[in-house]
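Close look at the chain arrangement
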Amino acid sequence: MTGPEDGTRPRVIRVLIADDQPLVRRGLSLILSPDPAFEVVGEAENGAQAVALAGRLRPDVVVMDIRMPVLDGVAATAELATAVPGCRVLALSTFDMDEYVVGALRAGAYGFLPKDSSPEDLGAAIRTVHDGEAVVAPRLLTRLISAYVTAPRDPRPPFTATGELTPREVEVWHLMAKGLDNAAISRDLDISVSTVKNYITSIFDKLSVRDRAQAVIAAYESGLVTAGTTGSTTTTGSTTRTPGV
């Protein structure tokens, strides 16, 4: 049961676990259930069941295995983005370099963790995506982008139905893709944090992306940045936390 949001106690995060292995589902549930910050509201054994349960139970976060029968985690994430837009997905995989990870982020997942992550990292990642921010394990971030996101031979700033990015928006997008948070972008460009947020909102709209993770992928695909050129990233524990707008 969710708690009041009047400041007397934090709101409980409702979590749905989707994995085709019963022992994994039970293990994740046993990790999360003792923490009063979480309520495991259901378990699904495939992506189709996850979508159906999410529609009925309305969880805040779905911890989604990428490789599942009937409907895989990428397709299920895409369906959830339309059917239950208020629900956020944290994708999991056994393999560090899973070819579906970027697909999951494109489909709408807020982040990705390998299944060998610690219980502490899992809890922190769920809290992060619940707050509307993106999270990716740092040991995967650079390799993931290098392996699965490629720039065109003749990269050019993207055009969309809403118009071309302005030069200042391109600057902000470039710094965002290098891993700078809003405060760092503010300092680098000598503008206020609120102005940075306004630019980022406009960038998201013009690129037709939902969050920073998707904007970074778009930056690599456009050739705005290339693998190996990113700067430092903001980290929380052993996860890379990409602050929201």
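Position numbers for residues start from 1 in each chain and track the written sequence from start to end. The predicted origin of the model limits local features to residues at a pLDDT of at least 70 and limits the giving and counting of side-chain atom pairs to 80 or more, whereas totals for whole chains, interfaces and linings rest on all residues. Only hydrogens and water are set aside; all other atoms, that is, all heavy atoms of the structure, feed into the side-chain values.

So, the overall build of the protein
Put simply, the test is: Only runs of H or I of at least four residues qualify as helices and only runs of E of at least two qualify as strands under DSSP, and these elements are numbered from the N terminus. Exposed residues in this analysis have more than 50% of their type's maximum accessible area, buried residues have under 20%, and partly exposed residues fall in between, with area computed by a 1.4 Å probe over protein chains only. Method for areas: the Shrake-Rupley scheme with a 1.4 Å probe, in which residue coverage is limited to the protein chains shown.
A tally of helices and strands in the protein yields 10 helices and 8 strands. Considering the protein as a whole, with its 245 residues, one finds that 45% of them fall into the buried category. Within the structure as shown, the protein displays about 11400 Å² of accessible surface, and the carbon and sulfur contribution to it stands at 53%.

Some thoughts on the pairing of strand β5 (residues 111-114)
To keep it simple, the criterion reads: We call two strands paired when DSSP finds no fewer than two bridges between them. A crossover gets the label right-handed when its path from the first strand over the helix to the second runs clockwise, viewed with the strands pointing away from the viewer.
Residues Gly111 and Leu113 point to one face of β5 and Phe112 and Pro114 to the other, with burial holding for every one of them. Direction of pairing for strand β4 (residues 88-93) relative to β5: parallel, over a ladder of 4 bridges. Looking across to β5, one finds that leucine 92 is bridged to leucine 113. Bridge count for β5 against strand β6 (residues 134-136) is 2 bridges, and the pairing is parallel. Its bridge partner lying in β6, phenylalanine 112 is registered against valine 136. After leaving β5, the chain enters helix α5 (residues 119-130) and then returns to the sheet as β6, a path that is left-handed.

Overview of the nonpolar core
This is how the line gets drawn: Note on terminology: a nonpolar core comprises buried Ala, Val, Leu, Ile, Met, Phe, Trp, Tyr and Cys residues joined through side-chain atoms within 4.5 Å.
Membership of the largest hydrophobic core comes to 27 residues, with the highest contact counts inside it found for Ala18, Val62, Met64, Ile66, Leu80 and Val89. Going through the elements one at a time, β1 (13-18), α2 (47-57), β3 (61-65), α3 (73-83), β4 and α4 (101-107) are the ones with two or more residues in this core. With 5 residues, the top contributor of residues to this core is α4. Formed by 23 residues, the second largest nonpolar core is a distinct cluster that contains Leu180, Ile185, Ile191 and Ala215.

Considerations on unusual backbone geometry
With a phi angle near 70 degrees, valine 70 is a residue other than glycine that sits in the positive phi range. Locating valine 70 in the fold gives a position in the loop between β3 and α3. Located in the positive-phi region is serine 208, a residue other than glycine, with phi close to 60 degrees. Secondary-structure assignment places serine 208 in the loop between α9 (193-207) and α10 (212-222).

Looking at α2
To keep it simple, the criterion reads: We call two residues contacting when some pair of their heavy atoms lies within 4.5 Å. As used in this structure description, the phrase polar contact means that two N or O atoms lie within 3.5 Å; if the pair is within protein, one of them must be able to donate a hydrogen and the other to accept it, and residues adjacent in sequence are counted only when both atoms belong to side chains.
Those residues of α2 that fall on the buried side of the exposure criterion are Gly47, Ala50, Val51, Leu53 and Ala54. Contacts from the buried residues of α2 go to β1, β2 (38-44), β3 and α3. Between a side-chain oxygen at the N-terminus of α2 and the backbone nitrogen of alanine 48 the separation is 3.1 Å; the capping residue is asparagine 46. Trailing α2 by a residue or two, arginine 58 shows a phi angle of about 50 degrees, which is positive.

Considering the confidence of the model for the protein
Selection criterion: The pLDDT value expresses, per residue, how confident the predictor is, ranging between 0 and 100.
Per-residue pLDDT for the protein averages 80, and the proportion of residues at 70 or more is 75%. The least confident element of the protein, judged by mean pLDDT, is strand β7 (residues 235-236) at 32; the most confident is β1 at 98. Note on residues 229-244: pLDDT is under 50 here. Beyond four places in sequence and across chains, it has 49 contacts.

Some thoughts on the pattern of salt bridges
As a reminder, the rule being used: Basic side-chain nitrogens of Lys or Arg form a salt bridge, by our definition, when they fall within 4 Å of a carboxyl oxygen of Asp or Glu.
Summed over the entire model, instances satisfying the criterion amount to 9 salt bridges. A salt bridge links glutamate 171 to arginine 168; its shortest N-O distance comes to 3.1 Å. Of the two residues, glutamate 171 and arginine 168 are both situated in helix α7 (residues 167-177); the distance of 3 residues between them amounts to about one turn of the helix. For arginine 168, a relative accessible area of 27% corresponds to the partly exposed category. Where salt bridges share partners, they join Asp19, Asp65 and Lys115 into one cluster.

Focus on the side chain of lysine 206
Structurally, lysine 206 is set in helix α9. In terms of polar contacts, lysine 206 uses its side chain to reach the backbone carbonyl oxygen of glutamate 164, at 3.4 Å. Among the polar contacts made by the side chain of lysine 206, one reaches the side chain of glutamate 169 at a distance of 3.1 Å.

Section: the pairing of β2
In this structure, β1 lies alongside β2, joined through 6 bridges in parallel fashion. Within the sheet, the bridge partner assigned to isoleucine 13 lies in β2 and is phenylalanine 38. Note that the unit made of β1, helix α1 (residues 22-32) and β2 has a crossover that is right-handed.

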